[in-house]
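Each chain, letter by letter, is given below.
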Amino acid sequence: MSELKNSIVKSNESAAGPDGVYYKFLPESCLHTLLKLFNNIWTTGDIPPSWREASVVPIPKPGKDPSDPSNYRPIALTSSLCKTLERMVNDRLVHVLESRNLLSNAQCGFRKDHSTLDHLEKVAAAAYFPEHPDRSKATRLRDGASVFSAELEGIALALTEIKKTH
């Protein structure tokens, strides 16, 4: 139950998607039923088809001519319940990946206490200081495909571990 409550607390008060559910209107009394639904989805892997739908709303770009259709950005409003479950799965996945050190130290984006600015700082230091140990790394580019495939293997392993323990 704590995972569910944490997921709801982390939610932004955004517009409801096709399911019409607003986070602030989820009464405490429905949380047990919702948790049963989520556990069933987790066990069976059967996601309600309506959770794969989105309502697309055009939002005008600030300071742009609203009569020009290219000055709008589409926002997809998806199921609030689906987003709640996604946050729960993401929290479990991040916990396994971090606690088992399955992510490369080079992975900074989208990690707590890490930032893509960390990489810029390392590159700047290596470029500015000739004696820096990462000097040679700062002067070459890595093949992105090999980095991503290694990260995906770690994520797949973590998902397998989560499935076994929950």
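You'll find the protein chain entered in an unreviewed UniProt entry as LINE-1 reverse transcriptase homolog, with Plakobranchus ocellatus given as the organism.

Trainee: Report on the packing of helix α2 (residues 31-44) against helix α3 (residues 80-99), specifying residues and quantitative values.
Mentor: Packing of α2 against α3 brings their axes to within 11 Å, and their N-to-C directions diverge by 60°. Crossing of α2 over α3 shows right-handed handedness. Where α2 abuts α3, its residues Leu34, Leu35, Phe38, Ile41 and Trp42 lie against Leu81, Thr84, Leu85, Met88, Val89 and Arg92. Class assignment for the residues of the contact of α2 with α3 results in 9 nonpolar, 1 polar and 1 charged.

Trainee: Lay out α2 with the relevant residues and their values.
Mentor: Here α2 contains 14 residues, and its C-alpha end-to-end distance of 20 Å stays within 8% of the 20 Å for a straight helix at 1.5 Å per residue. When α2 is considered as a whole, its buried residues turn out to be Leu31, Leu34, Leu35, Phe38, Ile41 and Trp42. Down the axis of α2, the buried side of the element spans an arc of 120°, and every buried residue falls inside it. Looking at α2, the residues exposed on the side facing more than 90 degrees away from the buried face are His32, Thr33, Lys36 and Thr43. Once α2 finishes, Gly45 follows within two positions and takes phi at roughly 80°, a positive value.

Trainee: Any details on the nonpolar core? Residues and values, ideally.
Mentor: Among the nonpolar cores identified, the biggest contains 14 residues, and Leu4, Leu26, Leu34, Phe38, Trp51 and Leu81 are the most heavily contacted of them. Counting only elements with at least two residues in this core, the list comes to α1 (2-10), α2 and α3. If one sorts the elements of this core by residue count, α2 sits on top with 5 residues. In this view, Leu81 contacts Asp19, Val21, Leu26, Leu34, Phe38 and Trp51; residues no more than four positions away in its chain are not counted.

Trainee: Now, about the side chain of Ser79: what can you tell me, with residues and values included?
Mentor: With respect to the helices and strands, Ser79 occurs in the loop between β2 (72-78) and α3. With a relative accessible area of 1%, Ser79 lands in the buried category. Among the polar contacts listed, one links the side chain of Ser79 to the side chain of Trp51, at a separation of 3.4 Å. Not counting chain neighbours up to four residues away, the residues in contact with Ser79 comprise Pro18, Asp19 and Trp51.

Trainee: Any details on the confidence of the model for the protein chain? Residues and values, ideally.
Mentor: Scored by pLDDT, the protein chain has a mean of 78; 71% of the residues are at 70 or more. Looking over the protein chain, one finds the lowest element-wise mean pLDDT in helix α5 (residues 135-138), namely 48, and the highest in α2, namely 92. Of the regions scoring below 50 in pLDDT, residues 138-147 engages in 5 contacts with residues more than four places distant in sequence or in other chains.

Trainee: Would you mind going over the packing of aromatic side chains in detail, with residue names and values included?
Mentor: According to the stated counting rule, one finds 1 aromatic pair in the structure shown. Considering the side-chain rings of Phe38 and Trp51, the 6.1 Å spacing of their centres and the 75° angle between planes classify their relative orientation as edge-to-face. Of this pair, Phe38 sits in helix α2 while Trp51 sits in the loop between α2 and β1 (54-60), and the two are 13 residues apart along the sequence. On the accessibility criterion, Trp51 (9% relative accessible area) is buried. Directly above the ring of Trp42 sits Arg92, whose terminal nitrogen or CZ lies 5.0 Å from the centroid.

Trainee: Summarise the pattern of salt bridges; cite the residues concerned and give the values.
Mentor: Tallied over the full model, the rule gives 3 salt bridges. Between Arg92 and Glu3 there is a salt bridge, and its shortest N-O distance comes to 2.8 Å. Highlighted residues: Arg92 in helix α3 and Glu3 in helix α1, separated in sequence by 89 residues. A relative accessible area of 13% places Arg92 in the buried class. Asp91 is the partner of Lys10 in a salt bridge, and the nearest nitrogen-oxygen pair spans 2.8 Å. On the criterion of sequence distance, the pair formed by Lys10 in helix α1 and Asp91 in helix α3 is long-range, its members being 81 residues apart. According to the relative accessible area criterion, Lys10 is partly exposed, its value standing at 47%.

Quick notes on the rules
- Residues numbered from 1 in each chain as written.
- Predicted model: local features only at pLDDT ≥ 70, side-chain atom pairs only at ≥ 80, totals over all residues.
- Heavy atoms only, no water.
- Axes fitted to C-alpha atoms, helices over the stretch in contact; angles between N-to-C directions.
- Helix = DSSP H or I, 4+ residues; strand = E, 2+ residues; numbered from the N terminus.
- Left-handed = near helix turned anticlockwise from the far one by under 90°.
- Contact = heavy atoms within 4.5 Å.
- Nonpolar A, V, L, I, M, F, W, Y, C, P; charged D, E, K, R; others polar.
- Expected span 1.5 Å × (residues − 1).
- Buried < 20%, exposed > 50% of the residue type's maximum accessible area, 1.4 Å probe, protein only.
- Arc of directions from axis to C-beta.
- Core = buried A, V, L, I, M, F, W, Y, C linked by side-chain atoms within 4.5 Å.
- Polar contact = N/O pair within 3.5 Å; in protein donor to acceptor, adjacent residues only side chain to side chain.
- pLDDT = per-residue confidence, 0-100.
- Phe/Tyr/Trp six-rings, centres within 6.5 Å; stacked < 30°, edge-to-face > 60°.
- Lys NZ or Arg CZ within 6 Å of the ring centre and 35° of its normal.
- Salt bridge = Lys/Arg side-chain N within 4 Å of Asp/Glu carboxyl O.

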